[in-house]
Amino acid sequence: MIKMAKDGDIIAKALCQLMEKKLILDGVEPAIAKILSGRVCEVGVKATGRGAKKVAKGAKKRSAKGLNAWQKFIKNHGKKYKYVSGPRRGQVNMRLASAAFKKTAAGKRRKKK
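Residues numbered from 1 in each chain as written. Predicted model: local features only at pLDDT ≥ 70, side-chain atom pairs only at ≥ 80, totals over all residues. Heavy atoms only, no water.

(A) Molecular detail of the overall build of the protein chain. What the protein chain contains, in helices and strands, is six helices and zero strands. Taken from the N to the C terminus, the helices and strands of the protein chain come in the order α-α-α-α-α-α. Per-residue burial for the protein chain yields a buried fraction of 13% across its 113 residues. Of the contacts made within the protein chain by residues no fewer than 6 positions apart, 31% connect residues no fewer than 24 positions apart. Approximately 10600 Å² of the protein chain is accessible, and the part contributed by carbon and sulfur atoms is 59%. (Helix = DSSP H or I, 4+ residues; strand = E, 2+ residues; numbered from the N terminus. Buried < 20%, exposed > 50% of the residue type's maximum accessible area, 1.4 Å probe, protein only. Contact = heavy atoms within 4.5 Å. Areas by Shrake-Rupley, 256 points an atom, 1.4 Å probe, with all protein chains shown as cover.)

Below, the structure is given as structure tokens:
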């Protein structure tokens, strides 16, 4: 019985050969057509092959970093500081939000250099 990975290689090889023949029919020199089709197929096969899934499974998961104080403030209080009318209607007024954030305890803290 033939494994699926080998079937993928056969299909990829057939597609590369078709591409090479099409380039030759379009007037590209055979040597250049072979190089171009080979390069295109290598990238496609590497990106979509089964090996890509194995790498993804074995990769270490990074823990997502939490939101910083400013991001938390905008997430929770951003609706209070939206423009009501004018060309920026619906957008957050960052000037007012920033002034309000600086009055909070989290906004008064400074990063250590």
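Back to the text.
(B) Highlighting a nonpolar patch on the surface. Among the surface-exposed residues, Ile11, Leu15 and Leu18 lie close enough to one another that they form a single nonpolar patch of about 320 Å² accessible area. Mapping Leu18 onto the fold places it in helix α1 (residues 4-25). (Patch = residues over 30% accessible without salt bridge, like charges linked within 9 Å, V, L, I, M, F, W, Y side chains within 5 Å. Salt bridge = Lys/Arg side-chain N within 4 Å of Asp/Glu carboxyl O.)

(C) Region of the structure containing the packing of helix α4 (residues 69-77) against helix α5 (residues 94-102). Taken N-terminus to C-terminus, the directions of α4 and α5 make an angle of 120 degrees; their axes are 11 Å apart at the nearest point. Comparing the axis directions of α4 and α5 gives the class oblique. Like other packed secondary-structure pairs, α4 and α5 cross with a definite hand, here right-handed. Within the contact between the two elements, α4 uses Ala69, Trp70, Phe73 and Ile74 and α5 uses Met94, Ala97, Ser98, Ala100 and Phe101. Among the residues forming the contact of α4 with α5, the class breakdown is eight nonpolar, one polar and no charged. (Axes fitted to C-alpha atoms, helices over the stretch in contact; angles between N-to-C directions. Parallel < 35°, antiparallel > 145°, perpendicular 65-115°, else oblique. Left-handed = near helix turned anticlockwise from the far one by under 90°. Nonpolar A, V, L, I, M, F, W, Y, C, P; charged D, E, K, R; others polar.)

(D) The packing of aromatic side chains, seen in detail. With the rule as written, the count across this model stands at four aromatic pairs. Centroid distance Trp70 to Phe73: 6.3 Å. Interplanar angle 20 degrees. Geometry classified as stacked. Taken as a pair, Trp70 and Phe73 lie in helix α4 at a separation of three residues, close to a single helical turn. Within the aromatic cluster, the residues linked to one another by ring pairs are Trp70, Phe73, Tyr81 and Phe101. (Phe/Tyr/Trp six-rings, centres within 6.5 Å; stacked < 30°, edge-to-face > 60°.)

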